[in-house]
Structure formats: structure tokens, C-alpha cells
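Inside the fold
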Amino acid sequence: QSYSSRSKTVSILQGNLPIKATRGKGIDIKFARKKYSKLLEDNSADLIITPEGSFPTVINEDSQTLNWIRRASYKKQAGLLIGSYCRKNEKLTNCAISISRDQNKPAYYEKERLVPFGEYVPFYKILPGALKKFADFIIGEGFSEGKAGKSTASSIGKVGVNICFEAIYPDLLQEASLDGAKALINLSDLSW
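A brief look at the structure comes next. Since the structure is predicted, the reported quantities are computational estimates derived from the model, not experimental observations. (Residues numbered from 1 in each chain as written. Predicted model: local features only at pLDDT ≥ 70, side-chain atom pairs only at ≥ 80, totals over all residues. Heavy atoms only, no water.)

Bringing helix α5 (residues 170–178) into the picture now. For α5, the set of buried residues is Leu172, Leu173 and Ala176. Taken around the axis of α5, the buried residues stretch over an arc of 90°, which confines them to a single face. Across from the buried face of α5, at angles greater than 90 degrees, the exposed residues are Pro170 and Leu178. Tucked into the core, α5 has its buried residues touching β5 (107–110), β6 (159–163) and β7 (183–187). Count one or two residues on from α5 and you reach Gly180, which has phi positive near 100°. (Buried < 20%, exposed > 50% of the residue type's maximum accessible area, 1.4 Å probe, protein only. Helix = DSSP H or I, 4+ residues; strand = E, 2+ residues; numbered from the N terminus. Arc of directions from axis to C-beta. Contact = heavy atoms within 4.5 Å.)

Okay, here's the thing in C-alpha cells:
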């Protein structure tokens, strides 16, 4: 294989975490960190990517996991783009976090286009109490939409990130491309 001096290597790590460890009441961030620690051992890419929700924690409130990601990035001398969750006001967003040794603070991308009945319940606020209880059992009010973003900083330069279902909205990646994204990345959890 021949690469130019400008080439960057990208690796995608699939942890194959069981749904019970990433969803619902059995969420286990320690299990996720352990699984991804093993996968990172033999990896030497410039940018390492994990799927949507692969770190099942509220990442912007979990300093222990955030520090673990920083240490892993520094140790591997690579950037990490990790699927997780962020808190925005009182609700969660489906987000991706980008960390590298060149960044002073993490960069975040929050999913802008949500899946109806998968990530939110339409008209939740006006549902009658009995239906609201059923919706709460499934996903409650669900996620909040992320703020409109363009490109996201990463160890390989600006990248255009979208999450799962957003791949059907070309305007989102067009914005990132026009903002100078060098790569377009879709994070998806297809464990279902």
C-alpha cells in the first residue's frame, strides 16, 4: 500500500455490546470502557470511530469516562470520535464527541433530525395521561434535537458527522462540506 504524506488512517471499532448494556435500566458504562480498551490496544489509526451510543452515558456529565477517553486518545496518539449521549437542559441528545491531543476541549455533534417514535414521541405534551404513561414506558418525551451544526473538529481536520437516520438528509452533510469537512462520517447503532 502506498499513501501520500497527507493520507490519514481511520479505523471503525464495533464493540458488539449487548442491547441490555447500552439501553434501558441495565446500562453499563464500565463494560463499554472495558470492551473498547481491548479494541483500542491493537489500533494505530489517526482517527478511531465508535458507533452511535457505544458509550452509554451522559458524556458531558461523566468526568470519569471523559477522562478515560482523553487518556486513550493521548496514549494512542489518535483522535477519537465516540457515540454517546449529552444533556441539553433537562433532556438528552444523541451525540458524538470528538477528542484529540490537538484539541483543548472536546467537540460535540448533536443529532438534529430525530426518529419519530424511536427517539421522541410526536405531540407528547398533548397526549392524554393514559397514553403518556404508555409513551413513558417506551421512551418518554425522548431525545431533544441538537443544535444545527456544520463541521466538527477532529484529529484529521474538520469532519461532517451525522447520526444514523440523518444519512437520508443530504443537506446536513452539504453544510459540513461547505464548511470545509475533509470526511463525512455516519455513526449508526444497528444492534436492533
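Glancing now at helix α2 (residues 29–41). Counted at 1.5 Å a residue, the expected span for α2 with its 13 residues is 18 Å, and the 18 Å between its end C-alpha atoms agrees. Those residues of α2 that fall on the buried side of the exposure criterion are Ile29, Ala32, Arg33, Tyr36 and Leu40. Looking down the long axis of α2, one finds its buried residues gathered within 95° of arc, a one-sided arrangement. In this structure, α2 carries Lys30, Lys34, Lys38 and Glu41 as exposed residues pointing more than 90 degrees from its buried face. In this structure, the buried side of α2 is in contact with β2 (47–49), α3 (63–76) and β3 (79–88). Between the side-chain oxygen of the N-cap and the backbone nitrogen of Lys30 there are 3.3 Å, and the N-cap of α2 in question is Asp28. (Expected span 1.5 Å × (residues − 1). Polar contact = N/O pair within 3.5 Å; in protein donor to acceptor, adjacent residues only side chain to side chain.)

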